[in-house]
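Analysis of the macromolecular model
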Amino acid sequence: MAEIIVVTSGKGGVGKTTTSASIACGLARRGKRVVVIDFDIGLRNLDLIMGCERRVVYDFVNVIQGDCSLKQALIKDKRIETLYVLAASQTRDKDALTSEGVRRVLDELANDGFEYIICDSPAGIEKGAHLAMYFADRAVVVVNPEISSVRDSDRILGLLASKTARAEKGNGGVKEHLLLTRYNPRRVASGEMLSVDDVKEILGLDVIGVVPESPDVLSASNAGLPVILNDVSDASHAYEDAVARLLGETVPLRFVAEPKKGLFARIFGS
Amino acid sequence: MGLLSLFRKAPSSANLAKERLRIIVAQERSARGSPDFLPLLRRELLEVIRKYVNVDPSAVQITLGNDDGHEVLELSVFLPETQRSA
């Protein structure tokens, strides 16, 4: 049985694609068969983050429209044996994605033995975002500790609870998790930024990961190397923890407190 | 005054964000389950009321509540105070 996980947020630029890429890599590194699909039709970007942009020949829409087989469109990752990417199409045709087409591709992936299907949702609440979440079993809602991101996430939670196959069938609904990105413990401590607990309390959900703000995220996307693969980075460790929690392990939250200052710094520091 | 305010601690901006979010999220969540016609009903009522009294758009509030198993549509209109003599 394949598990379909949508990575969504409502607001743009909060780290959906970075998160999709890292979660997919993390699961695949643990030996799972994983495919990550870009649902952002017209604005393909997952290929860049995954570092396979020059190997895209066929895309998601090509498969749906029968221009090629699913096998031809799946791009095999060069670093991790069990990881595949399905790129978004660059077409401007908004109706290129159909519910029936998406269902067919997801079914075929499941039948091919993929254990995890990660759906990288576009921003907004339009068709692409709707179809990315519609067939999901679980949702990772990416949120920045920032007022508009939190509000948009709540909007997305409303849609997950009503506009998904699981919600419509009434079989328990989509299991939802929060993943905070761009977290800055120093600014939280000084009262300038919403804390993990604030966000958790406002949205009423469990937190599956807290990724600290890190310059490594930009250098990772520059290099086309998902940040989780940068083993010396805090962001990588945070994503690794999130993957462990997705798999049901209990891991304490890291990177949520300011590094402790020594006595000297406490007396003479700010 | 100026000196005193130096010692008074202003609420942190994170707390401000949290309070604002708490209110707007609660408001949007309560609107989520309600029928789609409420915003339109509110707009049309506002138009009718405005024929007679010049009220502010925010002066009309409609809430759908539940009282002992009965659905209650509550409408409150705040009339401006200075309009009486007109």
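Residues numbered from 1 in each chain as written. Chains lettered and ligands numbered in written order. Predicted model: local features only at pLDDT ≥ 70, side-chain atom pairs only at ≥ 80, totals over all residues. Heavy atoms only, no water.

1. Describing the sheet that holds strand S7 (residues 175-183) of chain A
Residues and elements named next belong to chain A. Across the sheet, eight strands lie side by side as S3-S4-S2-S5-S1-S6-S7-S8; this open sheet has mixed pairing. The open sheet is flanked by strand S3 (75-76) and strand S8 (207-212), the only strands paired with a single partner. Relative to S7, strand S6 (residues 138-143) runs parallel, the two being bridged by six bridges. Across the sheet, residue Val143 finds its bridge partner in S7, namely Leu180. Along the sheet, helix H1 (residues 16-29) makes contact with strand S1 (3-8), strand S2 (34-38), strand S4 (83-86), strand S5 (116-120), S6 and S7, crossing S5 at roughly 170°. (Pairing = 2+ DSSP bridges. Helix = DSSP H or I, 4+ residues; strand = E, 2+ residues; numbered from the N terminus. Contact = heavy atoms within 4.5 Å. Axes fitted to C-alpha atoms, helices over the stretch in contact; angles between N-to-C directions.)

2. Notes on the pairing of S7 of chain A
Residue and element names in this part refer to chain A. In terms of burial, S7 is largely enclosed, as seven of its nine residues are buried. Two strands pair when backbone bridges link them, and S7 and S8 are joined in this way by four bridges, in the parallel orientation. Note on S8: the bridge partner recorded for Leu178 is Val207. (Buried < 20%, exposed > 50% of the residue type's maximum accessible area, 1.4 Å probe, protein only.)

3. Brief notes about the interface of chain B and chain A
Counting from both sides, the interface comprises 13 residues of chain B and, opposite them, 15 residues of chain A. Surface buried jointly by chain B and chain A totals about 1300 Å² across both partners, of which 56% is contributed by carbon and sulfur atoms. The three residues of chain B that bury the most area against chain A are Lys18, Leu21 and Arg32 of chain B, which together make up 40% of that side's buried surface. On the surface where chain B and chain A come into contact, there are five salt bridges. Residue Lys18 of chain B is joined to Asp198 of chain A by a salt bridge in which the shortest nitrogen-to-oxygen separation is 3.1 Å. At the junction of chain B with chain A, the criterion picks out nine residue pairs in polar contact (both at pLDDT 80 or more). (Buried area = accessible area lost by both parts, 1.4 Å probe. Salt bridge = Lys/Arg side-chain N within 4 Å of Asp/Glu carboxyl O. Polar contact = N/O pair within 3.5 Å; in protein donor to acceptor, adjacent residues only side chain to side chain.)

4. Re the pairing of S2 of chain A
Residues and elements named next belong to chain A. The element S2 is largely enclosed, with a buried count of five among its five residues. The side-chain alternation of S2 yields two buried faces, one formed by Val34, Val36 and Asp38 and the other by Val35 and Ile37. Two elements, S2 and S4, share four bridges in a ladder whose sense is parallel. Looking at S4, one finds that Val35 is bridged to Tyr84.

5. Some remarks on the packing of aromatic side chains
All names here are of chain A. Under the counting rule described, the total for this entry stands at three aromatic pairs over all chains. For the pair Phe39 and Phe60, a centre-to-centre distance of 5.1 Å together with 80° between the ring planes defines the contact as edge-to-face. Taken together, the residues span a long stretch of sequence, with Phe39 in the loop between S2 and helix H2 (46-50) and Phe60 in helix H3 (residues 60-64) at a distance of 21 residues. Considered together, Phe39 and Phe60 belong to a single accessibility category, that of buried residues. Each ring, one from Tyr84 and one from Phe114, has its centre 5.5 Å from the other, and the planes form 85°; the classification is edge-to-face. Placement of the pair is Tyr84 in strand S4 and Phe114 in the loop between helix H5 (99-111) and S5, with a sequence separation of 30 residues. Classification of Tyr84 as buried rests on a relative accessible area of 17%. Taking NZ or CZ as reference, Arg33 lies 4.5 Å from the ring centre of Phe114, over its face. (Phe/Tyr/Trp six-rings, centres within 6.5 Å; stacked < 30°, edge-to-face > 60°. Lys NZ or Arg CZ within 6 Å of the ring centre and 35° of its normal.)

6. Focus: the packing of helix H7 (residues 147-160) of chain A against helix H10 (residues 196-203) of chain A
Residue and element names in this part refer to chain A. Following both chains from N to C, one finds H7 and H10 inclined at 35°, their axes separated by 10 Å at the closest point. Here H7 runs over H10; the crossing is right-handed. Note on element contacts: H10 touches H7 through Val199, Ile202 and Leu203, opposite Val150, Ser153, Asp154 and Leu157. Across the contact of H7 with H10, the residue classes tally to five nonpolar, one polar and one charged. (Left-handed = near helix turned anticlockwise from the far one by under 90°. Nonpolar A, V, L, I, M, F, W, Y, C, P; charged D, E, K, R; others polar.)

7. Some remarks on the confidence of the model for chain B
Regions with low pLDDT carry predicted coordinates that are not meant to be interpreted in detail. Residue and element names in this part refer to chain B. Confidence in the prediction for chain B averages 79 pLDDT; 80% of positions are at 70 or higher. Considering each helix and strand of chain B separately, the mean pLDDT is smallest for helix H1 (residues 2-7), with a value of 60, and largest for helix H2 (residues 13-32), with 90. Interface scoring of the predicted complex returns ipTM 0.84; its pTM is 0.84. (pLDDT = per-residue confidence, 0-100.)

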